[in-house]
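# Secondary and tertiary structure notes
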Amino acid sequence: MGRFGVVLMLSCLAVAVTAKSVEGPVRNRRSGEGFAWSDCGHDPNRPLRVTSLSMTPSPLTMPGELHVSFGGEVTRELGASLMMINIQRESGFSWLMRNVTVPCIRNIGSCTYPDTCNLIDRMIDEDWLYISRNVGQQIRQNLVDKGLNTACPLQPQQINIQDMAFQLPAIPRALSLFAGGTYHATVRFLGQANQKELGCIAMRIIVD
């Protein structure tokens, strides 16, 4: 599966932990009631493409169990990249036209991660908001159990990950104002050196 698969897992979990996901249009690809996703990349030559994604249950409950499956492809060798997550919560008020952006609080929320190669290590070592260590350890154990290689640089390959299960924590107190609702998230991958688009995925998640 390689690093791209790890990054996708981190993206889904980061969005879920924050309690909502995705910015930008979500086009007619659904997996479970309330959940929707799209490959939002614009560059026709981008090397990272997502072909399938599911997250259950939907609506998502926290604390609770999350099951993630996804497929995609990597078309050329890739080293470390930037990952940018933008998460917005629907306001719920018809008179308020804009969604509310979830802030980046201790690396959880609408954050930029400068190096996808060390994300799991950072989650475990730094334990963001006292929840990322447990989630990072679950990701690592899932990858070991499935015999998946996560080393950088990422080699060209097809990705097919089925039913990875995770126990999600309660929403941290620092983000409790954003608990429950409909979230839109955009996750973008950019080259470290040239900021060129590598891939993009958009999601909508409903959280009880």
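Residues numbered from 1 in each chain as written. Predicted model: local features only at pLDDT ≥ 70, side-chain atom pairs only at ≥ 80, totals over all residues. Heavy atoms only, no water.

## Thoughts on helix H3 (residues 132-145)
Note the cut-off: Starting at the N terminus, helices and strands are each numbered in turn, a helix being any DSSP run of H or I of at least four residues and a strand any DSSP run of E of at least two. Expected span of a helix, by definition, is 1.5 Å for each gap between consecutive residues, and there is one gap fewer than residues. Only protein chains enter the accessibility calculation, which uses a 1.4 Å probe; a residue whose area is less than 20% of its type maximum is buried, one above 50% is exposed, and one in between is partly exposed. An arc is given here, and it is the one of the directions from the helix axis to the C-beta atoms.
For H3, built from 14 residues, the straight-helix expectation of 20 Å at 1.5 Å per residue is met to within 8% by its first-to-last C-alpha distance of 20 Å. Those residues of H3 not exposed but buried are Ser132, Val135, Gly136, Gln138, Ile139, Asn142 and Leu143. The arc that holds the buried residues of H3, viewed along the axis, is 160 degrees, so those residues lie on one side. Along H3, exposed side chains directed more than 90 degrees from the buried face belong to Val144 and Asp145.

## Remarks on the pattern of salt bridges
We count it as follows: Any Lys or Arg side-chain nitrogen located within 4 Å of an Asp or Glu carboxyl oxygen qualifies as a salt bridge.
As enumerated under the stated definition, the model contains four salt bridges in all. Across the pair Asp39 and Arg46 runs a salt bridge, and its minimum N-O distance is 3.1 Å. By the burial criterion, Asp39 is buried, and Arg46 matches it. In this structure, the salt-bridge partner of Arg122 is Glu126, at a minimum N-O distance of 3.0 Å. Note that Arg122 and Glu126 are positioned in helix H2 (residues 119-126) at a spacing of four residues, about one turn of the helix. Classification of Glu126 as partly exposed rests on a relative accessible area of 37%.

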